[in-house]
Amino acid sequence: IATYSIMTIGTTWGLVRLLFYRAKRRPEAKQLFCLGEMWYSLIGIPVWAVDMLLCHHVRDVADRLPGWLGGMTPHVVWHCAAGMGAYLLTLSCCCCRAEALGMPYRLRFGMGGIVPIIIVDE
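Residues numbered from 1 in each chain as written. Predicted model: local features only at pLDDT ≥ 70, side-chain atom pairs only at ≥ 80, totals over all residues. Heavy atoms only, no water.

With that settled, the discussion passes to the overall build of the protein. Helix and strand counts for the protein come out as four helices and two strands. For the protein, the sequential pattern of α-helices and β-strands runs α-α-α-α-β-β. Rg of the C-alpha trace for the protein: 18 Å, well past the compact-globule value of 14 Å for 122 residues, more than 25% over. By its C-alpha atoms, the protein is 55 × 35 × 15 Å across when sized along the principal axes. Classification of the 122 residues of the protein by burial places 31% in the buried group. In the form shown here, the protein has an accessible surface area of approximately 8000 Å², with 69% of it arising from carbon and sulfur atoms. Side-chain charges of the protein comprise 11 positive and 8 negative groups, with the mean position of each set lying 9 Å from the other. (Helix = DSSP H or I, 4+ residues; strand = E, 2+ residues; numbered from the N terminus. Rg over C-alpha atoms; globule rule 2.2 N^0.38 Å. Buried < 20%, exposed > 50% of the residue type's maximum accessible area, 1.4 Å probe, protein only. Areas by Shrake-Rupley, 256 points an atom, 1.4 Å probe, with all protein chains shown as cover. Lys, Arg positive; Asp, Glu negative; His and termini not counted. Charge placed at Lys NZ, Arg CZ, Asp CG, Glu CD.)

Listed below in structure tokens is the structure:
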């Protein structure tokens, strides 16, 4: 847990410096960072902690869920939240790189307006 925590804090601090302290960044990059941190830190990590601490209790409840939800533990939710958070944080870095290279970009939303996508205009 200590290694994971140090890595997460270090990566987050590096992105904060890149986005908020180094150069003036467009609001889209900052917005993607904030959304990514929300998914990863505010949803993913607490769900992971519940899964780790209450695994036996949660597993009993998960096994009683009906249909395709049967067996779905918080670990599944953690993977979804951490995956979405990592995707958004990576997009934030892509925005920073496009800005550094002087490449104009646009933020669009695909998959029914849910998933943000960066479109680089050349």
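This is not the end of the story, as more comes after the structure.
What follows is about the pairing of strand β1 (residues 105-110). Examined bridge by bridge, β1 and strand β2 (residues 115-120) share six bridges and lie antiparallel to one another. Across the sheet, residue glycine 110 finds its bridge partner in β2, namely valine 115. (Pairing = 2+ DSSP bridges.)

With that out of the way, let us pick up the nonpolar core. Leu19, Ala29, Leu32, Phe33, Cys95, Tyr105 and Ile118 are the most contacted members of the largest nonpolar core, which totals 16 residues. Broken down by element, this core gets its largest block of residues, seven residues, from helix α4 (residues 74-100). Apart from the residues lying within four places of it in its own chain, the contact partners of leucine 19 are Arg25, Ala29, Lys30, Phe33, Ser92 and Cys96. Membership of the second largest hydrophobic core comes to five residues, among which are Tyr40, Val47, Trp78 and Ala82. (Core = buried A, V, L, I, M, F, W, Y, C linked by side-chain atoms within 4.5 Å. Contact = heavy atoms within 4.5 Å.)

According to the stated counting rule, one finds three salt bridges in the structure shown. We note a salt bridge from arginine 25 to glutamate 99, for which the minimum N-O separation is 3.7 Å. Of this pair, arginine 25 sits in the loop between α1 (2-22) and α2 (27-53) while glutamate 99 sits in helix α4, placing them 74 residues apart in sequence. As a salt-bridge pair, glutamate 28 and arginine 26 come within 3.0 Å of each other at their nearest N and O atoms. (Salt bridge = Lys/Arg side-chain N within 4 Å of Asp/Glu carboxyl O.)

With 27 residues, α4 extends 39 Å from end C-alpha to end C-alpha; this agrees with the ideal 39 Å at 1.5 Å per step. Two residues or fewer after α4 comes glycine 102, characterised by a positive phi angle close to 70°. (Expected span 1.5 Å × (residues − 1).)

Let us look at the layout of surface pockets. There is about 170 Å³ of room inside the largest pocket. If you trace the largest pocket, you find it lined by Met7, Thr8, Thr11, Thr12, Leu15, Glu37, Tyr40, Gly85, Ala86, Leu89 and Thr90. Among the secondary structure elements, those contributing two or more residues to the lining of the largest pocket are α1, α2 and α4. For the lining of the largest pocket, the leading source of residues is α1, giving five residues. For the lining of the largest pocket, the residue count by class is five nonpolar, five polar and one charged. (1 Å grid on protein atoms, 1.4 Å probe; cavity = no way out; pocket = protein on both sides within 12 Å on 5 of 7 lines; lining within 4 Å. Points joined across faces, edges and corners; volume = space filled by probe spheres on them. Nonpolar A, V, L, I, M, F, W, Y, C, P; charged D, E, K, R; others polar.)

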